[in-house]
6 protein chains.
Amino acid sequence: MLLHLMTWREVETCLKASTGIMMPIGSTEQHGPTGLIGTDAICAEAIATAAGEIAGAVVGPTIGVGMAQHHMAFTGSMTLRPSTLVSVISDYVDSLARHGFERFYFINGHGGNVSTVRTAFQEVYAQTSIDGGGDRPRVRCALRNWYQQPRVQALARNFYGDKEGYHATPSEIAVTQYVRPDAIKVAELPRPPPPAGGFSFTDAEDYRRRFPDGRMASDPSLATPEHGRELLELAAEDLAADYREFLRD
Amino acid sequence: MLLHLMTWREVETCLKASTGIMMPIGSTEQHGPTGLIGTDAICAEAIATAAGEIAGAVVGPTIGVGMAQHHMAFTGSMTLRPSTLVSVISDYVDSLARHGFERFYFINGHGGNVSTVRTAFQEVYAQTSIDGGGDRPRVRCALRNWYQQPRVQALARNFYGDKEGYHATPSEIAVTQYVRPDAIKVAELPRPPPPAGGFSFTDAEDYRRRFPDGRMASDPSLATPEHGRELLELAAEDLAADYREFLRD
Amino acid sequence: MLLHLMTWREVETCLKASTGIMMPIGSTEQHGPTGLIGTDAICAEAIATAAGEIAGAVVGPTIGVGMAQHHMAFTGSMTLRPSTLVSVISDYVDSLARHGFERFYFINGHGGNVSTVRTAFQEVYAQTSIDGGGDRPRVRCALRNWYQQPRVQALARNFYGDKEGYHATPSEIAVTQYVRPDAIKVAELPRPPPPAGGFSFTDAEDYRRRFPDGRMASDPSLATPEHGRELLELAAEDLAADYREFLRD
Amino acid sequence: MLLHLMTWREVETCLKASTGIMMPIGSTEQHGPTGLIGTDAICAEAIATAAGEIAGAVVGPTIGVGMAQHHMAFTGSMTLRPSTLVSVISDYVDSLARHGFERFYFINGHGGNVSTVRTAFQEVYAQTSIDGGGDRPRVRCALRNWYQQPRVQALARNFYGDKEGYHATPSEIAVTQYVRPDAIKVAELPRPPPPAGGFSFTDAEDYRRRFPDGRMASDPSLATPEHGRELLELAAEDLAADYREFLRD
Amino acid sequence: MLLHLMTWREVETCLKASTGIMMPIGSTEQHGPTGLIGTDAICAEAIATAAGEIAGAVVGPTIGVGMAQHHMAFTGSMTLRPSTLVSVISDYVDSLARHGFERFYFINGHGGNVSTVRTAFQEVYAQTSIDGGGDRPRVRCALRNWYQQPRVQALARNFYGDKEGYHATPSEIAVTQYVRPDAIKVAELPRPPPPAGGFSFTDAEDYRRRFPDGRMASDPSLATPEHGRELLELAAEDLAADYREFLRD
Amino acid sequence: MLLHLMTWREVETCLKASTGIMMPIGSTEQHGPTGLIGTDAICAEAIATAAGEIAGAVVGPTIGVGMAQHHMAFTGSMTLRPSTLVSVISDYVDSLARHGFERFYFINGHGGNVSTVRTAFQEVYAQTSIDGGGDRPRVRCALRNWYQQPRVQALARNFYGDKEGYHATPSEIAVTQYVRPDAIKVAELPRPPPPAGGFSFTDAEDYRRRFPDGRMASDPSLATPEHGRELLELAAEDLAADYREFLRD
């Protein structure tokens, strides 16, 4: 159930059954020569939608632009400053908490978001922890990366072995191919050279120097829409099960 | 051309032809007993997508949650604090300006966003105006409400007369019915009483007191998907034409 | 009754009769070759003072520097960043609300302030809308541009026709001539060329390129102190009447 | 020369002769049973205007609301949060520095402003000190309290002895009586009891508990307009001389 | 070499040899019935000092108060809001980068800091990534938790097995016992009950409910000063070696 | 009693006896050719520790990096932006107030901190003064510079006469020599030339131009560890006595 497709009275009814909500968060950034700039948002939204179906959960609006400063040397990439993303997440949580939502389950499609999202959770909790909280509603937030669910990782390894890589992976490209078959891109993909100095990086210029076409050791040409379907469905199942656990805690 | 469905190299190529971009912005808020919470985002995104097709423009990611503090007494509504929305828009513009985009054409679906979006533009300009600008790219931003394009207003008047109202209008509901026919909602809709004290309001509690079911003098039961198609296409045409003017200035 | 000229006990007494207050806001910016840099603040303060006399309202301190980033390429212009002006207005409202003031009626002399002032109102309301408000006082804010009151506009049209223009207008110059006859300036005023690309503009450099001597299609040489007196008195009457309406709402 | 009464071209001309400017800053706060709420702003503005005449200096717009959190338990008092005042002062300095002003001489009427104004200066300098400054203009700021100029203090002591006190002093009341003879207030003024715990205080409630009618050990009934004239003229002379020193440094 | 014990000329000389610096960061928070509130800061500072000796590195001032909102229900705990800690780290890095430091190696004693410190790094990088960087120095930051160095973890497992736990661990207590033998505390330590709902937690109240005496499944009574010496020395060796790697990258 | 060396239960017990706490604050900045960069932090921490012993007070963690923008042209100096330091102090006070601490006695080692620390106190008070405070704890903050205690100043004058100077004074160097005898530095110290334009300064470049080796008219070669001991003990005694006064108020 997408919040965007509900009326306010329907949300009111849903809240009587459960105070949980799924929140997809992605990014808008380069994904190599063939990956879509919206890859992370598309994956997070599609997987959260499917997981919400399974778990009977409301799914909030997707945060489409995340923290991607390190991709900014590739045209079309966008980023929020970390401090802006913290404010956005705080405002989302505060808004929904006002109505009675208490459990926020963020389904994430982009590794670069992780620290900032967790920091946002701490910022939300800190207000209550420092002043004692008063009448403020007590919320609980969780962050899950869809691509790191154990069965998803196993399936990706099965499909792609060490050609999965770390960015513009065939897994995520496959999911976008399944979700948006109208936007499958093809390009010559030379084997990426082993990065100078490992997989760590700092700012955008540093990232581009190390990963000249945007990929991190991945071979996205292996992706197929059918892989995408399997990955998406497995991720949705696992996240739905984990979400139910989260509500029980 | 949706930025989300392009590769970074495709964006690079596009930028050689034009430095303009369309930016849809909506809201996530109650739209009366039958309107979708995502109405404003759905309309802005669909109309911008169609306008982008006509104008050959890149269309950036939709800002789905806007400034809707006055709707917060209705379950499911979300809002960014105005200061957060200013930061979000600044980060969007700064990110894209880094790549060479210079003309930002925001297509808006929510009246409550207007002041804050304009304030964000001023915040962006102010930096350059105060320090002289240095090497910073010079950008130009515009805001257009799709529902206030002259031919769109005329068509809505033709369809609905004074039952168009000011919030949860049949026009916007119609567009969502066309875009998301799977999510058409029906409910008993009593004629809304004339609001106590006119159409101005302050905070969420005040809004709800004046407009108890969320609508502002509108009769959304008049909406049809076919109306929605006509309104959407007209809005897209007019905005595409206006966008071309904007690029010429 | 100017707040600045009252004692705290007098304010305490006034509050028993009415919780409304008028708040003048202007700007400090170029007004063409003959206009005073303080034009907008001088007009707003003088008109609010007169309106306060008529309505029996307390008049708060004038915000003398507003949002004028677009005038910064002309020497002597000053601006607050929009985010600063939002904080200033919030602090003004919060301060006075602490004492029991509930209705804030801003009398504005500068079009460039409008979006930011409205955004400030939203920021004030948002706090209450998001957290439910608790014991926080509920306030109501309004913004009125003195030069856009209907009878004032008609009188200006009568005096100046299409030579009123949009910035450094003879109307506002006339009011300053009446208020500060010691500071009437004279200069050769060539007819301003029609602006390249209409009356929209972005940052300070863009504004100056379009409007080289600072005026926007106005002929301030038509202003007279007597015009100023008539405009001021009419504006004050209309605003006083509108203020009484505002208190009733 | 008040900036507000100049045209932009006049300011341009002035800047060729001197890059200094005087900046009056006051407060809007209770001044005991007979003192005006605008006392500090009225004094700072009038004295700066007179000092500017003597020194041939441009005088900028008065900051009328300062940092007066400790007076907030008396009706009509207003305050900026310290962080807001820091932003206001930064924006004022940045705006004027853009045009070539380099020396900012703040003439202050309110002790409560001192720390915050100095902190604002440090915030302005820090930007340059941390990043090396680049092309940013180098500015120099100074703060002077008019009532602490040595000859002014001596004259006040001569007039009032130990009845000068520390807030709502006869000196400042006298200056307002001279400047605004239309607003002289009279009230029964019992000798204020010696404050419990000395003259330090924290927040507004604490202040009011210690100083129940707002005064701090002062007898403002001794003030006369003629005293005010003498104090104002002496302060203006001394500040004008000190300003010339400041420009030479 | 502690920065605090050097003169500015000595730092100038050091910078010619290496642009790296170690930055200890801890926390000020409860560490169970026998642990010191300064445990994390004491460990980070002592281990960084020892590692700096081995590596010949300058060691900057310890950040003694970190992000510990979840410990705030235990008396004496302190926390920075995450947004404050981001600003602190940015200012530290900006300050030292001004002098030519380029490699910042944070040695951390508190798991709760991790997300916020990483977010701070991203905030620092983002500025350069978004605007292209200009002349701004390019910096590289790294974060290492001393207690997660592989050989340190093995040694702790060897000493304490599964009684190491997750907070107020015997390892960290042991290090403080070695560093501050004057402050060894003894108390009856019942075996902590298995936490209700696992080891995740949200705000301070939630933490205290789950971990009533502050420990997370640890038995700090096993700690000895001699263990502390071994752990400290091993951590220092491993971090010094890793730091040299970091400088080479 | 250093907070860092206590357990949370010990702090709980202490709070029953007194709600006061001492808070040392220093700086990390050049102190001339022979002074340690940590001079101000070392002095504040050592003196606060000794004063705490005498007064039986809890001593919180030292703020080691303060507001030192004017020293940034000397290698190794660090600064917080004033706005960051305000946030740090607010967070410290808010954290400890949550537990019941009410009296915050800051012992300061650096003149450059004074305005910003006072501004931070005002920011803390302002929140309560503006909104009335609600249930928020009422706190009282004080700031004392150890080197300005009357008996300390007299002793320094006795030791050094007019060679005490204003920065990198023999007094503070002496205290660091006593506290850290392992880090006594020696260098040729030419008599500093009288500064061009007196002892005022603005940003870092301006400071360095006026005070080329960092000292302000001081001769730190006169310092001895024995002087340091006497100064430290006298400062601790006087501050402990003053602290007891502060608690009584």
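To keep things clear, this report deals only with the structure shown in the data block. A quick note: this is a predicted structure, and the numbers were derived from the prediction, not measured.

A word on the packing of helix 4 (residues 114-131) of chain D against helix 4 (residues 114-131) of chain F
A pair of packed helices is captured by two measures, namely the crossing angle of their axes and the spacing between those axes.
Part 1 of the reasoning: Where helix 4 of chain D contacts helix 4 of chain F, the axes come no closer than 8 Å and their chain directions differ by 125 degrees. With respect to their mutual orientation, helix 4 of chain D and helix 4 of chain F come out oblique. Crossing of helix 4 of chain D against helix 4 of chain F: the hand is left-handed. Only Ser115(F), Thr116(F), Arg118(F) and Thr119(F) of helix 4 of chain F make contact with helix 4 of chain D, whose side of the interface consists of Ser115(D), Thr116(D), Arg118(D) and Thr119(D).
Part 2 of the reasoning: Considering only residue class, the contact of helix 4 of chain D with helix 4 of chain F consists of no nonpolar, six polar and two charged.

Regarding the relation of the copies chain C and chain D
Comparison of the two chain copies shows a relationship of rotation about an axis with a shift along it.
Part 1 of the reasoning: The transform that puts chain C on chain D rotates by 180 degrees and translates by 0.0 Å along the axis, for an RMSD of 0.0 Å. Both copies of the chain, as the preceding transformation shows, are related through a two-fold rotation axis. Relative to the rotation axis, the C-alpha of Thr84(C) is the closest in chain C, positioned 3.4 Å from it.
Part 2 of the reasoning: Comparing interface residues between copies, 100% of those in chain C also lie at the interface in chain D; the contact surface is shared.

Remarks on the packing of helix 3 (residues 82-99) of chain E against helix 3 (residues 82-99) of chain F
Part 1 of the reasoning: Following both chains from N to C, one finds helix 3 of chain E and helix 3 of chain F inclined at 135 degrees, their axes separated by 9 Å at the closest point. One way to sum up the angle between helix 3 of chain E and helix 3 of chain F is to call them oblique. Considering the relative orientation of helix 3 of chain E and helix 3 of chain F, their crossing is left-handed. Together, Thr84(E), Ser87(E), Val88(E) and Asp91(E) of helix 3 of chain E and Thr84(F), Ser87(F), Val88(F) and Asp91(F) of helix 3 of chain F make up the contact between the two elements.
Part 2 of the reasoning: The class makeup of the residues in the contact of helix 3 of chain E with helix 3 of chain F is two nonpolar, four polar and two charged.

Considering the environment of Val88(B)
Part 1 of the reasoning: Here Val88(B) is to be found in helix 3 (residues 82-99).
Part 2 of the reasoning: Placed 25 residues apart in sequence, Val88(B) and Ile63(B) show a C-alpha to C-alpha distance of 8.8 Å.
Part 3 of the reasoning: The residues contacting Val88(B), other than those within four sequence positions of it, are Leu80(A), Thr84(A), Val88(A), Ile63(B) and Leu80(B).

A word on the interface of chain C and chain D
Part 1 of the reasoning: Every contact between the two is made by 55 residues of chain C and, on the other side, 55 residues of chain D.
Part 2 of the reasoning: Among the residues of chain C in contact with chain D, Leu5(C), Trp8(C) and Thr75(C) are the three that bury the most area, contributing 18% of the side total.
Part 3 of the reasoning: Run the count over chain C and chain D and you get six salt bridges.
Part 4 of the reasoning: Of the charged contacts, one joins Asp94(C) and Arg81(D) as a salt bridge, the two residues approaching to 3.4 Å between their closest N and O atoms.
Part 5 of the reasoning: One can count 26 residue pairs in polar contact (both at pLDDT 80 or more) joining chain C with chain D.
Part 6 of the reasoning: At the level of elements, helix 1 (8-17), helix 2 (39-55), helix 3 (82-99) and helix 7 (204-210) of chain C are the ones that each hand at least two residues to the side of chain C that touches chain D.
Part 7 of the reasoning: When the residues that make up the side of chain C that touches chain D are grouped by side-chain class, the tally is 25 nonpolar, 18 polar and 12 charged.

So, the interface of chain A and chain B
Part 1 of the reasoning: At the interface, 54 residues of chain A touch 54 residues of chain B.
Part 2 of the reasoning: For the salt bridge of Glu10(A) with Lys185(B), the shortest nitrogen-to-oxygen distance reads 2.6 Å.
Part 3 of the reasoning: Taken together, the connections running from chain A to chain B amount to 26 residue pairs in polar contact (both at pLDDT 80 or more).
Part 4 of the reasoning: Counting residues per element, the ones that place at least two in the side of chain A that touches chain B are helix 1 (8-17), helix 2 (39-55), helix 3 (82-99) and helix 7 (204-210) of chain A.
Part 5 of the reasoning: Element by element, the count of residues in the side of chain A that touches chain B is highest for helix 3 of chain A, at 10 residues.

Overview of the sheet that holds strand 1 (residues 20-25) of chain D
The strands that make up a sheet pair up through hydrogen bonds in the backbone, lying either parallel or antiparallel.
Residues and elements named next belong to chain D.
Part 1 of the reasoning: Judged by pairing direction, the sheet is parallel, and its three strands sit side by side in the order 1-2-3 without closing on themselves. Looking at the sheet topology across the chains shown, the edges are occupied by strand 1 and strand 3 (140-145). In this sheet, neighbouring strand axes are inclined to one another by 20 degrees on average, regardless of whether the strands run parallel or antiparallel.
Part 2 of the reasoning: On top of the sheet, helix 4 reaches strand 1, strand 2 (103-108) and strand 3; it is set at about 175 degrees to strand 3, its chief contact.
Part 3 of the reasoning: Across the sheet, helix 8 (residues 225-248) lies against strand 1, strand 2 and strand 3, angled at about 155 degrees from strand 2, the strand it touches most.

Details of the arrangement of the chains
Part 1 of the reasoning: Nothing in chain A touches chain D, and the closest approach of their C-alpha atoms is 18 Å.
Part 2 of the reasoning: The two units chain C and chain E are non-contacting; their minimal C-alpha-C-alpha distance is 18 Å.

Things to note about the pattern of salt bridges
Part 1 of the reasoning: Taken as a whole, this structure holds 102 salt bridges over all chains when the rule is applied.
Part 2 of the reasoning: Between Arg136(C) and Asp131(C) there is a salt bridge whose closest N-O contact spans 2.8 Å.
Part 3 of the reasoning: Under the relative-accessibility criterion, Arg136(C) is labelled partly exposed at 25%.
Part 4 of the reasoning: The class of Asp131(C) is partly exposed, set by a relative accessible area of 46%.
Part 5 of the reasoning: Between Glu237(F) and Arg151(F) there is a salt bridge, and its shortest N-O distance comes to 3.1 Å. One end of the pair, Glu237(F), is in helix 8 (residues 225-248); the other, Arg151(F), is in helix 5 (residues 150-160), with 86 residues separating them in the sequence.
Part 6 of the reasoning: The partly exposed category is assigned to Glu237(F), whose relative accessible area is 42%.
Part 7 of the reasoning: In this structure Arg151(F) comes out as partly exposed when scored by relative accessible area, which is 41%.
Part 8 of the reasoning: Through salt bridges that share partners, Arg140(A), Asp206(E), Arg209(E) and Arg210(E) make up one connected network.

Structural notes on the side chain of Glu29(E)
Residue and element names in this part refer to chain E.
Part 1 of the reasoning: Along the chain, the position of Glu 29 falls in the loop between strand 1 (20-25) and helix 2 (39-55).
Part 2 of the reasoning: Despite being buried, Glu 29 has no salt bridge partner; Arg 215 is the closest side chain of opposite charge, sitting 13 Å away.
Part 3 of the reasoning: Within the structure, Glu 29 has its side chain in polar contact with the side chain of Ser 27 (distance 2.7 Å).
Part 4 of the reasoning: Ignoring anything within four residues of it in the chain, the contact list for Glu 29 reads Leu 36, Ile 37, Asp 40, Ala 68, His 71, Ser 77, His 110 and His 167.

So, how was this worked out
- Every residue gets a number counted from 1 within its own chain, in the order that chain's sequence is written.
- Here chains are named by letter from A upward and ligands by number from 1 upward, in the order in which they appear as written.
- This being a predicted model, a pLDDT of at least 70 is required before a residue's local features are given, and a value of 80 or more before pairs of side-chain atoms are given or counted; all residues contribute to the totals for chains, interfaces and linings.
- With hydrogens and water excluded, all non-hydrogen atoms of the structure serve as input to the side-chain values.
- Lines fitted to C-alpha atoms define the axes, with helix axes restricted to the stretch in contact, and inter-axis angles between N-to-C directions lie between 0 and 180 degrees.
- Secondary structure counts use DSSP, requiring at least four H or I residues in a row for a helix and at least two E residues in a row for a strand, with both numbered from the N terminus.
- Here roughly perpendicular refers to angles of 65 to 115 degrees, roughly parallel to angles under 35, roughly antiparallel to angles over 145, and oblique to all remaining angles.
- With the far helix as reference, a near helix turned anticlockwise by less than a right angle produces a left-handed crossing, and one turned clockwise produces a right-handed crossing.
- By the convention used here, residues are in contact when the closest approach between their heavy atoms is within 4.5 Å.
- The classification used treats Ala, Val, Leu, Ile, Met, Phe, Trp, Tyr, Cys and Pro as nonpolar, Asp, Glu, Lys and Arg as charged, and all other residues, Gly among them, as polar.
- Least squares is the method for superposing the copies, and the C-alpha atoms it fits come from residues with pLDDT of at least 70 in both.
- Accessible-area loss on putting two parts together, using a 1.4 Å probe and summing over both, is the definition of buried area adopted here.
- Salt bridges are defined as contacts in which a side-chain nitrogen from Lys or Arg sits within 4 Å of a carboxyl oxygen from Asp or Glu.
- Contacts described as polar in this section are N or O atom pairs within 3.5 Å, which, within protein, must combine one atom able to donate a hydrogen with one able to accept it, while residues neighboring in sequence count only if both atoms come from side chains.
- Strands are treated as partners if at least two bridges between them are detected by DSSP.
- Each residue's exposure class comes from its accessible area (1.4 Å probe, protein chains only) as a fraction of the maximum for that residue type: buried when under 20%, exposed when over 50%, partly exposed otherwise.
- The charge count includes Lys and Arg as positive and Asp and Glu as negative, but it does not include His or the ends of the chains.

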